[in-house]
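Results of the structural survey
Okay, here's what each chain looks like letter by letter:
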Amino acid sequence: METESSLLSYPDEHELNTSADTVYSVIGIMNKIQALADRSVLLGELRADLVDLNENTISSLREIANFEISEDNPYNDPKDYYAVINNCNYFLQKLDTALRKRNEPIFIREFAAVKSFRAWTYLQLVLNYGQVPFYTEAILSEADAARDFPEYNIEEVCSYFIEDLLPYVDVELPGYGSIADLDSRLFYIPIRLLLGDLCLWSQRYSEAAAHYHEYLNENELYTGTYRIEFTEDDLQFEGRILSNSYGGMFSNLSSGSDVISIIPMDSSVSSNAYSQLRNYFNSTINNELKFQLLPSKRIQEISASQIFCRAKQNGSPTYAPLANEVNPLLAGDLRLNAYWSKMMAEGKEIQTIMKFTTDHVFTYRKGLIYLRYAEALNRAGYPESAFTILKYGINNNNLTRFVSPREYQSGSGINPLLAFNPTLFTNTNTLGIHSRGSGDSEYNEFYVLPTPTDSLESWQDTLDYRIEKVEELILTEMALETALEGHRYYDLMRVALRRGQEAYLAEKVALKKGSSNRDDVLYNRLLTKNNWYLKMK
Amino acid sequence: MYLSETSSKLIAEMKDCYAKIKFRSIFFLLMCILTVTVYAQAPENKTITGTVSEASTGNPLAGARVQAYNNSRFVAMTDEEGRYSLDLPVYINALTVTLDGFATQQLALKGQSSAVDAALYPESFIPVLSPLTNVLNAGSAERFDLSSAISIESEIQSQLGAEVRTISRSGIPGTGAAMFIGGYNSLNVNAQPLIVIDDVILDQQYGREMLHEGYYNNILSNLAVSDIESITVLKNGTSLYGAKGANGVLLIKTKRNRSMVTRIDANVSAGVEYSPRLPAMMNAAQYRSYASELLGTTETELTEFKFLKDDPDYYYYNQYHNETNWSDYVYREALTQNYSFGVQGGDEVAKYNLSIGYVDAQSTLNYNDFDRLNLRFNSDISINDKLSALFDCSFSNITRNLRDDGVMAPEESNVFSPGFLSLIKSPFLNPYQYDTNNKLSGFLSDADDYLDEVLGTTASLANPLYIFENGEARNKNYFENSLINLAIRPAYSINNRLSIKGHFSYTLVNTNENYYIPMTGVPKIVIPNVGLAENMVQSLYSSQISLFADLRMLWQKQSGANNTRIIAGGRYMNDDYSGNTQMGYDTGNDKTPNINSNLNFKKVDGAEDVWRSLSYYANLDYNYAEKYYLHAGLSMETSSRFGREVQGGIKLGGVSWGLFPSVAAAWVLSSEDWFSLAAVDYLKFNLAYDISGNDDIDYYAARTYFGSSVFMNRVTGLSIQNIGNTSIQWESTHRGGAGLEASLFKERVGIQLNAFLARTDNLLTLKKLNSVTGLDYNWSNEGSLNNRGFDLALNFKLLNRKDFNWEMGFSMGHYQNQITALPDNESFTTSIYGAEILSEIGRPAGLFYGYESQGVYANSETAAADGLYLLSKTGSKVYFGAGDVKFIDQDNNKEINADDKVVIGDPNPDLYGNIFTNINYRRVSLNVILNYSLGNDAYNYQRSQLESGSKFYNQSLAMLNRWTNEDQQTTIPRISYKDEMGNSRFSDRWIEDASYVRLKTVRLSYNLPLSTTYLNGLTLWASANNLMTLTRYLGSDPEFSSGNSVLCQGIDRGMLAFGPSVVLGIKFNL
């Protein structure tokens, strides 16, 4: 009695043993990931302290920021994550990995790529929901759907996928050439970076550091020289002349740019896969110039409290004034100014945030990876090296100069977590991340490795002291470098979990409207860990 | 709650009964037959005598045929004095009397043997009883001779209006009607009856969408009314149609030739339909003032507008100072011509009926014409005594012009419907341009631009005349539908009791539609969230091939008082529908309206649906002495749409089968010897019980499948799109019916009454899936609803004189529908044209669910005292003020939000049906038919647009009473661009009582006293339709249908209404 339709295919005939079948399926999964793009940013940012709302903000975003997310909030639907997961499960289950060509499994790249999509999606899901039904066998029938699924927490999800991904860590990404004028390799989640993240969440810091290090070194991803600074002619630091290669960095998707991977999105507003982020953060025709989200008082304070340093030819530093009366954004770290522009037009305030000028949503970029690498190194017991990433830029030369041998050496050689190809990672192409917005931080006498004023009893005590302080510096740097990109809430959560201090997250988030304006209601709500997560429906 | 205790009991009994029937029915029936056969061994005879006379004069009638009821072995003819005498076996209880020119009469013997007299009425009276006992008490109609209808639905409404609730779709010719039999037997899937034409199920493509707004592709309009012999409405006894019969069945028979006389008929008619009633709109000055006031509520800071300058010397004065009634250009008097020609003839070997018809029907809404050519050849071939075959073929081709009709959906911002445009277009503009000398030219005006400075082009409206003229071409706005059917029905008699019949049919339905919105005269087309386009082109092509095969065995036996007939057989159906639609924008100019690869925003959609079903069935009809009747049927059906593991059926051969039994019994009381009520000529009771199904299951609901989607506008991806519900099955409807048929006072009064009680279980609904599946819903069977009601038809012969007779009758139908279960017992709402439709346990389906209002705040003080507010989309409070509608805050929390919605209307009628009267004087007949529907509410969506006060649309005259100043007492709120307070939201402001009584048809015919060699008869007739409608409804027409689905009843989209029409016709018999 069964009938066929050429427009549909069924599991029994969708065998995944030809390259066409596998491509269709991988593309199908990418299609489903698009549904998660906007929320990966909104849930990670609106709940933290760096974004604020205005009178135009629609209720669904307001709910997220107030931790009162209703069931019908479009960004609160676990189904969308499971749509990716179930399609991945099917693919991984059905892909004919036995097929080999020249003794190489021919679909191994797709296999690895899909494993990585699944792990990334589960990580997103568990970070937002805390505890999630977990399954890795495809659901293809109602009976499958009615199974009793175990509930995994963050720790369990991370452990599972570290094991799951490790065997494929060196598999290359599939190459489907260019799709919609983009290198399709940008569309994947690099396994090593994801492993770094999973280890970081699992508090396996050395492993995390090793993954980030390996990824950066292998792929020759030196930091580059993206930065914003007062030019040398601007003696008064007034901002008359700025050199800004930083703001444009976010729209450059060519190889060698800061962007490592993206969720590619459609350019047409009618498409389901159109990212609304630009219309939330920017004044556009689509929103009648009414943007809805803006950098908070808190990120402005953090930026302003940095000390901008300019080194003269001879290396002696001069410092920008702490306040700039003409343009308050030109005080302290300049990155906020580099990506945030405001102007008045027809009596309306117009805002543009350069981080949201492409169609796409970023998953990884270099600045982010370096800071996660720093976080891992610091917690692995290498705070000096971590700090080097912020202040000097990491390469052999700087490590030798600024890091004590206790960290840099390992046995008779270089600590493998810190060894970089000396010919590729040089002083010229490596910049301390802090220098991206705070001037020549390598000469900045106010930006120094935290050292206890009184010498402590043991090296370990000093180390512990440093790790906590450097971690604060890294967190601040993360705010300066990756604000609005969707990471802040998880960064705070990770540190709070690590330190076992709910108040750490609560305190920071409650200061969104400025340090003199603490939101006590929010603070108290966030003291309970349960309130950090969305409710599964 | 609504279900009384007794009815629950009845349902429980029905259930019980079903269970018993399943296991015992066959055994039980066999026992019955055997027992009765034994009793009927030794017939004794009796002699019956009486006279046959003419009822009007009492004159005896000679040559009348008096026959034992349904038994041609016992016949007598009346003599000169009208007397007859007939020897009959004792078990004969009734006679039939027939005579040419008179209505057949049934005579109950009631134990008498003499003075069994008949008084015959002329055949112009509608027969009160069916010729054979109507075991199921099914209604039927067969008088379509002088009909001016293009499609049969109109006649169904006129003649069977109480049994089939028939709601015309719109005044566009041939679009037919939505029909419901016995209430609503489904909620989410098809609820329209099954259409069976000459025993072949014809798929009506009910769920397929067309390109033109407001247009419905009515497959049934392929059938010419003049080709139809009879229509029967089956509510019970549907086991033959198993999983397809739950919505009731319309059995349509086409004409066949039964005699060897050659007959030629020709029927020619022509008519005119006048423009329908339209809402009264503001004139130029009134609209100018409205627009000027509305501009004040926009954010504009401009103060000068060309259209507001009243200086006659001003250059643009003429352009903006016209008094145009746009409807004059859009509507017209429509002409209709209808020709049909039929030849019947043949000999002992072959008889045939050939007919050809042509209809050209204009529409009162310009450019919506209907053209149909139809051809039908039905033949009966007798090869020898045992072998015969019916061979039929038919072809029809419909072509049309089409334009969008009705108000577009609220989310749609383009207005392309000329009818609606003609209402809302500013009356101060002119369809034609002024030339440089400020003289009116013959060139059409472009889309309007008088608001461009403020609103850009978004408020611009098209010139409807451009949509007509530049949209006119075969490759622009054109529709074609053709239907071909070939059927062969061989029959072989093995002996005089047993025969085998086959039925093989092939049907092809092709549909082609082109849609085009020109670039000239039309503002830029808004493609939501994408951008603007110059013009728009769409095309649709679909083709459906249906194969039907039925093979059955018949066995019948008449033995004394026992009459038995058994049919057993199997039926196989295969349907293959494929279709695709394409759309694109910006063809470059209006000369090349073709789909090509260079178009912008192209979209291609397709469907390829294949479904098949197989069923086995057996029917038994038995009667004893034409007095006690029993009908029993059982079918088992499987379908490609069923899951493999259905709960309610049986598993056989790896597939699931549904079982569909029906039983019916009838008792002709008047045939009992003891029956002595002199006033009652005939009385029959019947009971019936059926379980039937609705197999309108999503084609692939049972299967888990992958579907494709486009990634980055370029590449295709495959992903899981459905988790199959392997237990998906038909909706099952249990229907019990009881009926009565009677004729009283010497056949002066005829009564047909049916009452029914039905329950539908396993409603097909979308059920929420566990979110771990990554999908929202899949189809499942959950939920139930009940229907109960009745239909009654009464017929009175008021006068019967020699040259003058007068009859009158009426029918009324009623149903009460109630939802009794829903998935997770949660009520839900469905959004249709701005309306919210509630589905809730304990209530009928289709209720309007919205806000209640209580007038308009006259001043700020009263508004502030109430302190009602709504939350803007950013979450801030916005208070209702002076001139705003006072919505009822049901939960008293001051916030007007979704929690304040209540049921504000019910589109279900209390009563519906017809009233008719026929008067015959000599050769002149006058027929009058009224139809009515009482107690049904409507959502006047069109009016909600014409009185919204939120757009620069011309408004109805009611808007002159809009609130403009403090302390003004009125029921019409202030106007406000974009209506921030939602004063025009879906509320009881737009719900109206749509009850009506309509004078549907008045027909006068004259049968010329002719009999020449070449001409056997000539009838002249004239009919007037829709002369008058009594209603309080404010829309153009209280009868409209926005769709076939249960949930979109009572929503008035303002589609073309019927205007009054007059048709003149001549019928020749050669």
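Here, the structure is the one placed above.
In this report, the structure presented in the accompanying data block is examined. (Residues numbered from 1 in each chain as written. Chains lettered and ligands numbered in written order. Predicted model: local features only at pLDDT ≥ 70, side-chain atom pairs only at ≥ 80, totals over all residues. Heavy atoms only, no water.)

Topic: the overall build of chain B
A count of helical and extended segments in chain B gives nine helices and 56 strands. Relative to the 2.2 N^0.38 estimate, which gives 31 Å for 1070 residues, the radius of gyration of chain B is 32 Å and therefore close to what a compact globule would have. Each of the three principal axes of chain B carries a C-alpha extent, and together these read 105 × 70 × 60 Å. When burial is assessed residue by residue, chain B has 58% of its 1070 residues classed as buried. Intrachain contacts of chain B at a sequence separation of at least 6 include 70% that bridge at least 24 residues. Within the structure as shown, chain B displays about 43100 Å² of accessible surface, and the carbon and sulfur contribution to it stands at 54%. Across chain B, the mean location of the 86 positive side-chain charges is 7 Å away from that of the 114 negative side-chain charges. (Helix = DSSP H or I, 4+ residues; strand = E, 2+ residues; numbered from the N terminus. Rg over C-alpha atoms; globule rule 2.2 N^0.38 Å. Buried < 20%, exposed > 50% of the residue type's maximum accessible area, 1.4 Å probe, protein only. Contact = heavy atoms within 4.5 Å. Areas by Shrake-Rupley, 256 points an atom, 1.4 Å probe, with all protein chains shown as cover. Lys, Arg positive; Asp, Glu negative; His and termini not counted. Charge placed at Lys NZ, Arg CZ, Asp CG, Glu CD.)

Quick word on a positive patch on the surface
Together, K290(A), K348(A), K873(B) and K978(B) make up a positively charged patch on the protein surface. Mapped onto the elements, K873(B) comes out in the loop between β45 (869–871) and β46 (877–879). Taking the relative accessible area as the measure of exposure, K873(B) reaches 65% and is therefore exposed. (Patch = residues over 30% accessible without salt bridge, like charges linked within 9 Å, V, L, I, M, F, W, Y side chains within 5 Å. Salt bridge = Lys/Arg side-chain N within 4 Å of Asp/Glu carboxyl O.)

Quick word on the packing of aromatic side chains
Under the criterion given, the structure shown has 68 aromatic pairs over all chains. Taken together, a centroid distance of 4.8 Å and an interplanar angle of 50° make the contact between F420(A) and F425(A) tilted. By relative accessible area, which is 4% here, F420(A) ends up buried. When its relative accessible area of 2% is taken as the criterion, F425(A) is described as buried. Arranged with centres 5.6 Å apart and planes meeting at 70°, the rings of F660(B) and W730(B) form a pair that is edge-to-face. Of the two residues, F660(B) sits in strand β31 (residues 655–668) while W730(B) sits in the loop between β34 (715–722) and β35 (731–744), which places them 70 residues apart along the sequence. Taken as a pair, F660(B) and W730(B) share a single burial class, namely buried. Three or more aromatic residues link up through ring pairs in this structure, and these residues are Y82(A), Y122(A), F134(A), Y135(A), F149(A), Y152(A), Y160(A) and F161(A). (Phe/Tyr/Trp six-rings, centres within 6.5 Å; stacked < 30°, edge-to-face > 60°.)

Some details on the pattern of salt bridges
Within this structure, the stated rule accounts for 84 salt bridges over all chains. Across the pair D258(A) and R365(A) runs a salt bridge, and its minimum N-O distance is 2.7 Å. Here D258(A), found in the loop between β9 (242–244) and β10 (259–263), pairs with R365(A), found in strand β16 (residues 361–365); they are 107 residues apart in sequence, far enough to count as distant. Overall, R365(A) belongs to the buried group, its relative accessible area being 1%. With a shortest N-O distance of 2.7 Å, D761(B) and R759(B) are connected by a salt bridge. Under the relative-accessibility criterion, R759(B) is labelled buried at 12%.

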